[in-house]
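Coordinate analysis (summary)
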Amino acid sequence: MKEYKYKINGNEYNVAVEELDGNKASVTVNGKTYQVELDRPAKPAVTKPVARPAAAPAAAPVAAAPAPRPAAGGAGIKAPLPGVILDIKVKVGDTVTKGQTVAILEAMKMENNINADREGQVVAINVEKGQSIAEGTDIITLG
């Protein structure tokens, strides 16, 4: 049963729809029951399902290009946090010094210089501009 309150020309009406069957309805208005016929059949009542907390969907893993294996004896300069590679400042064969910027990583809308933590020669560049990387990803491999 559905109940409604209407105000028509200043008069209040309490209306209760008791029963719907196709295009016929039993309606009570201010305590008096009427049998009415609708122009067209009433739409079936849609019941909303009870909302239940759903398990959080599993986060889809970010597909990253596989990093090449470091050359024998090589060590990588790792990303300190997840982000997107904006620029690579060195190329294979370059010699870098400790503290030299080798790449720029955008993380949390900030550009971060990735600096070499030791001296060495670049034997591999393991990422590309625009690539999303995870924390700990080897960006450059030094030999």
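Let us look at the structure shown here. Just so you know, these numbers come straight off a predicted model, no measurement behind them.

Here the focus is the sheet that holds strand S12 (residues 138–142). Strand order in this open sheet of 4 strands is S5-S12-S10-S7, and the pairing throughout is antiparallel. If you trace the sheet from one side to the other, it starts and ends with strand S5 (75–78) and strand S7 (95–96), each paired once. Bridge analysis of S5 against S12 gives 4 bridges, and the strand direction is antiparallel. Directly across from Ile77, in S12, lies its bridge partner Ile140.

We now examine unusual backbone geometry. Glycine aside, the phi torsion of most residues is negative, and most peptide linkages are trans. Of note, Asn30 is a non-glycine position whose phi angle comes to about 50°, a positive value. The class of Asn30 is partly exposed, set by a relative accessible area of 44%. A positive phi angle, near 55°, is found at Met108, a position not held by glycine. By secondary structure assignment, the location of Met108 is in the loop between strand S8 (101–107) and strand S9 (110–115).

Moving on, we get to the environment of Arg40. Positionally, Arg40 belongs in the loop between strand S4 (32–37) and S5. Along the primary structure Arg40 and Gly22 are separated by 18 residues, whereas in three dimensions their C-alpha atoms are 8.0 Å apart.

Here the focus is the sheet that holds strand S3 (residues 24–29). In spatial order, the strands read S1-S2-S3-S4; together these 4 strands make up an open sheet with antiparallel pairing. Two strands bound the open sheet, and with one partner strand each, they are strand S1 (2–8) and S4. Averaged over all pairs of adjacent strands, the angle between their axes in this sheet comes to 30°, without regard to strand direction. Bridge analysis of S3 against S4 gives 6 bridges, and the strand direction is antiparallel. Within the sheet, the bridge partner assigned to Val27 lies in S4 and is Tyr34.

Note that Lys24 resides in strand S3. Separated by 12 residues in the primary sequence, Lys24 and Val36 have C-alpha atoms spaced 5.8 Å apart. Excluding residues that lie within four positions of it along the chain, Lys24 makes contacts with Glu19 and Val36.

This next bit is on the pattern of salt bridges. Scanning the model with the defined rule gives 5 salt bridges in all. The salt bridge partner of Lys129 is Asp87, with a shortest N-O separation of 3.4 Å. Here Asp87 lies in strand S6 (residues 83–88) and Lys129 lies in the loop between strand S10 (120–125) and strand S11 (132–133), a separation of 42 residues in the sequence. Between Lys91 and Asp94 there is a salt bridge, with the nearest N and O atoms lying 3.7 Å from each other. Sharing partners across several salt bridges, the network here consists of Asp87, Lys89 and Lys129.

On to the environment of Gly22, then. Secondary-structure assignment places Gly22 in the loop between strand S2 (11–21) and S3. Take Gly22: its relative accessible area is 39%, and that puts it in the partly exposed class.

Cut-offs used in this document
- Residues numbered from 1 in each chain as written.
- Predicted model: local features only at pLDDT ≥ 70, side-chain atom pairs only at ≥ 80, totals over all residues.
- Heavy atoms only, no water.
- Pairing = 2+ DSSP bridges.
- Helix = DSSP H or I, 4+ residues; strand = E, 2+ residues; numbered from the N terminus.
- Buried < 20%, exposed > 50% of the residue type's maximum accessible area, 1.4 Å probe, protein only.
- Axes fitted to C-alpha atoms, helices over the stretch in contact; angles between N-to-C directions.
- Contact = heavy atoms within 4.5 Å.
- Salt bridge = Lys/Arg side-chain N within 4 Å of Asp/Glu carboxyl O.

That is the geometry; function is a separate question.
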